Amino acid sequence: MISERPLRIAIVGSGPAGMYSAGHLLEGPGGTFINGGLNQIVRRPVEVDVLERLPTPWGLIRSGVAPDHPDKKRMAAIYDSIARRQGFRFIGNVQVGRDVSPADLSQWYDGVIYAVGADDERRLGVTGEDLRGSDSARAFVSWYNGHPDFSDLQFDLRCERAVLVGNGNVAMDVARILFSPISTLHNTDIASYALDALGKSQLKEIVILGRRGPEHAAFNYPELMELGELADTAISVEGTDLSLTPENADYETQLKVNALAKLCKEKSQGSRRIVFRFNAAPTAIVGEGQVAQIKVVDRRDQSEQALNAGLVLAAIGYRGLAIDGLPFDDVRGVIPSRDSRIVDNGIAIAGAYVTGWIKRGPKGIIGSNKKCARDAVAAVMADADSNVLPMEGTLSAAQVLEAINARVSVTLGFSGWQKIDRQEQSDGRAQGRPRLKMTATGAMLGLVTAG
Ligand SMILES: Cc1cc2nc3c(=O)[nH]c(=O)nc-3n(C[C@H](O)[C@H](O)[C@H](O)COP(=O)(O)OP(=O)(O)OC[C@H]3O[C@@H](n4cnc5c(N)ncnc54)[C@H](O)[C@@H]3O)c2cc1C
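Residues numbered from 1 in each chain as written. Predicted model: local features only at pLDDT ≥ 70, side-chain atom pairs only at ≥ 80, totals over all residues. Heavy atoms only, no water.

In the annotation of an unreviewed UniProt entry, the entry for the protein chain reads NADP oxidoreductase, and the organism field reads Zhongshania aliphaticivorans. Heading Sequence similarities (unreviewed entry) of the UniProt record for the protein chain holds this comment: "Belongs to the ferredoxin--NADP reductase type 1 family." Taken from UniProt, the Cofactor (unreviewed entry) comment for the protein chain reads in full: "FAD". (UniProt positions renumbered as here; feature names shortened; annotations may be inferred.)

Written as C-alpha cells, this is what we have:
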C-alpha cells in the first residue's frame, strides 16, 4: 500500500545535478519541462532536504564556471527559485561521509540521491609534480573562484611562462583568466586575492600542451574563439602542421582546426603569446623547491626539451571522490550505478541513487545534468510506486535537523545562505563590483550566527 505521508528524500550536493533533482521532485502540478514539453513524473507529495558540505550552494556554478561568464552563473537564479518551493530545505555545512554517514541517511530518509560532483582530480604522475608552482587547474580555478578549501593557496604569477598540461575547456578558461585585463576581471565576482595576484602577474607566455594532434584537441570552438578576443595576445601552434589535419575529420574537428589556423594567422603579433603545442607530453617538472622547468617529450620523434616555467597547471580532468560507506569505482572515479540506482557488486542498494558528475564522470555541461537528474528522480518514483523504498523508521524534518545538529556545531538553512549572498552583493557594490565573495567558512558561519 502506498503511504499517505510525503516522501522524504535527501539530496547530497547542491550543484546543478542536486538542484535539478530537487526541481523535478518538487515539480509543479503540470510537471517539469523536458525537451520542450511538460512531463509529469512525481504523483505524490515530496519533501526534499539538500545537504551541502559548504555554507554556500550551487556547486561548480559558484566554484568552477569562470567569473567572466556571468551568463552561465545566472543559472543560479533557476536553482534559487527551486529552493523557494514548498517542501524544499537547504542544510549547509554538513559533509556526508564525515559528519553523517550514508547509513544514517538511509535510516533517516525514504530515499537518498547522491549528487556530489567530482571533488578530486587526475594527477600527471611525473616527478616534481608537488613542487611549489605546480598544481592542478582544478585548484587554480577553485582558488580564483573563492572556494574556501582553496582560498589559502598562493599562486605567484611573477614569472614569464606558465605551462598548462591538457587542452580542454578548463585549460581555455585558465589561459583566458590569466591574460584577461584586470579592468575586465574587476567587473566579475573573481576572488579579491586572485584579482590582486593577477594584477602583479608578469606572465608573457602560456604554453598549452596536448598529448596528441590538433584533431584530438579537447577544447570546444566557442572557448577557443574567446582566446582570440584577448587584446595584444599572439596565438601560435607548435608540434604539428595544421594543414595536414585529416580530410575525413568530423565537422566539429574541422571547425576547431580551421579556427585555430585562422587565429594563428590573424593574431601573429602581441606582447604576450599563447602557444598551442601538440604531440607533447610532460616527463618531469624540475626545480629546487619551486618549479623552474618542465621537461616535454615530442611524441612524434621522442626528442625531449626543457621549457623554463614558473607555473605548471595540470588540466587533465576532474575525478569523483569516494564517500565513506558507499561503493566506489576507483578506475572510473564514479559511484557505480545501474539506471541511476547505486549498485554494490552489481546489486542495487534500496533507496540509494546517484546523478550528475559523480554518476557519469566529469563530462557534460550544466544542462546535461537536468536530464540526468530526471532519470534519478524517475527511478526514485518508480521504486516508491513499487514499494521498494525502505520507508520504515524515516524521521520527520524536525528530527533530522536535531540529529544533524547533535553532530555539527553550526549548520545553516537557505535563509543563512541568503544572508551571505546579500552581504557579498553589498560588499561588492561598495567596490563597484557585482559581488565580493566570502572565501572563509569561519567568516560565513560567523555572519550567519551573528543574529
Ligand atoms: C572549471 C569548470 C568550468 C565549467 N564551465 C562550464 C560552463 O561555462 N558552462 C557549462 O555549461 N558547464 C560548465 N562546467 C560544467 C558544469 O559545472 C558541470 O556540468 C556541473 O557543475 C556538474 O554538476 P554536479 O551537480 O554533478 O557537480 P557539482 O557542480 O560539483 O556539485 C556538487 C556539489 O556537491 C557538494 N558535495 C561534494 N561532496 C559532498 C559531501 N560529501 N557532502 C555534502 N555535499 C557534498 C559540493 O560542495 C558541490 O556543491 C564547468 C566545469 C568546470 C570544472
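A look at the packing of helix α1 (residues 16-25) against helix α4 (residues 76-83)
Contact geometry for α1 and α4: axes closest at 9 Å, N-to-C directions at 45°. It follows that α1 is oblique to α4 by the angle criterion. Crossing geometry of α1 relative to α4 is assigned as left-handed. On α4, the residues that touch P16, M19, Y20, A22 and G23 of α1 are Y79, I82 and A83. The class makeup of the residues in the contact of α1 with α4 is seven nonpolar, one polar and no charged. (Axes fitted to C-alpha atoms, helices over the stretch in contact; angles between N-to-C directions. Helix = DSSP H or I, 4+ residues; strand = E, 2+ residues; numbered from the N terminus. Parallel < 35°, antiparallel > 145°, perpendicular 65-115°, else oblique. Left-handed = near helix turned anticlockwise from the far one by under 90°. Contact = heavy atoms within 4.5 Å. Nonpolar A, V, L, I, M, F, W, Y, C, P; charged D, E, K, R; others polar.)

Thoughts on the pattern of salt bridges
Opposite charge on two side chains makes pairing possible when the charged atoms of those side chains draw close. Per the counting criterion, the structure on display carries 29 salt bridges. Put simply, R53 and D119 hold a salt bridge, and the shortest N to O gap is 3.3 Å. You can see R53 sitting in the loop between β4 (46-52) and α2 (60-63) and its partner D119 sitting in the loop between β6 (111-114) and β7 (120-121), a full 66 residues away along the chain. Residue D119 is classed as partly exposed on the basis of its relative accessible area, which comes to 31%. The partner of E205 in a salt bridge is R161, and the shortest N-O contact between them spans 2.8 Å. Of this pair, E205 sits in strand β10 (residues 205-209) while R161 sits in strand β9 (residues 161-165), and the two are 44 residues apart along the sequence. The exposure class assigned to E205 is buried, which follows from its relative accessible area of 13%. Using a relative accessible area of 22% as the deciding quantity, one classes R161 as partly exposed. (Salt bridge = Lys/Arg side-chain N within 4 Å of Asp/Glu carboxyl O. Buried < 20%, exposed > 50% of the residue type's maximum accessible area, 1.4 Å probe, protein only.)

Considerations on the nonpolar core
In terms of nonpolar packing, the biggest core is built from 51 residues, with Y144, L178, L260 and F276 touching the most fellow members. No other element matches helix α7 (residues 169-179), which puts seven residues into this core. Each of domain 1 (7-119 + 319-411) and domain 2 (123-316) gives at least three residues to this core. Setting aside residues no more than four positions away along its own chain, L178 makes contact with F140, L157, A162, L198, L203 and I206. (Core = buried A, V, L, I, M, F, W, Y, C linked by side-chain atoms within 4.5 Å. Domains from an automatic or database assignment.)

A look at the packing of aromatic side chains
All told, the structure shown has 14 aromatic pairs when counted by the stated rule. Consider the rings of F88 and F414, whose centres lie 6.4 Å apart with planes at 80°: the pair is edge-to-face. Placement of F88 in strand β5 (residues 88-92) and of F414 in helix α15 (residues 414-430) is noted, with a sequence separation of 326 residues between them. The class of F88 is buried, set by a relative accessible area of 13%. According to the relative accessible area criterion, F414 is buried, its value standing at 12%. Put simply, the rings of Y20, W58, Y79, F88, F90, F414 and W417 touch in pairs and so form one group of aromatic residues. One cation-aromatic arrangement involves K256 over F219; the distance from NZ or CZ to the ring centre is 5.4 Å. (Phe/Tyr/Trp six-rings, centres within 6.5 Å; stacked < 30°, edge-to-face > 60°. Lys NZ or Arg CZ within 6 Å of the ring centre and 35° of its normal.)

Description of the domain arrangement of the protein chain
Taken as a whole, the protein chain is organised into domain 1 (7-119 + 319-411) and domain 2 (123-316). The straight-line distance from the C-alpha centre of domain 1 to that of domain 2 is 34 Å. Listed by partner, the interface residues are twelve residues for domain 1 and 16 residues for domain 2. For the pairing of domain 1 and domain 2, the buried interface totals around 1200 Å² over both sides, and the portion due to carbon and sulfur atoms is 48%. Interface area lost by domain 1 to domain 2 is led by S63, P67 and D68, which between them contribute 43%. Where D149 meets R53, a salt bridge forms, and the shortest distance between an N and an O atom there is 2.8 Å. Residues belonging to the side of domain 1 that touches domain 2 are distributed by class as follows: four nonpolar, three polar and five charged. (Buried area = accessible area lost by both parts, 1.4 Å probe.)

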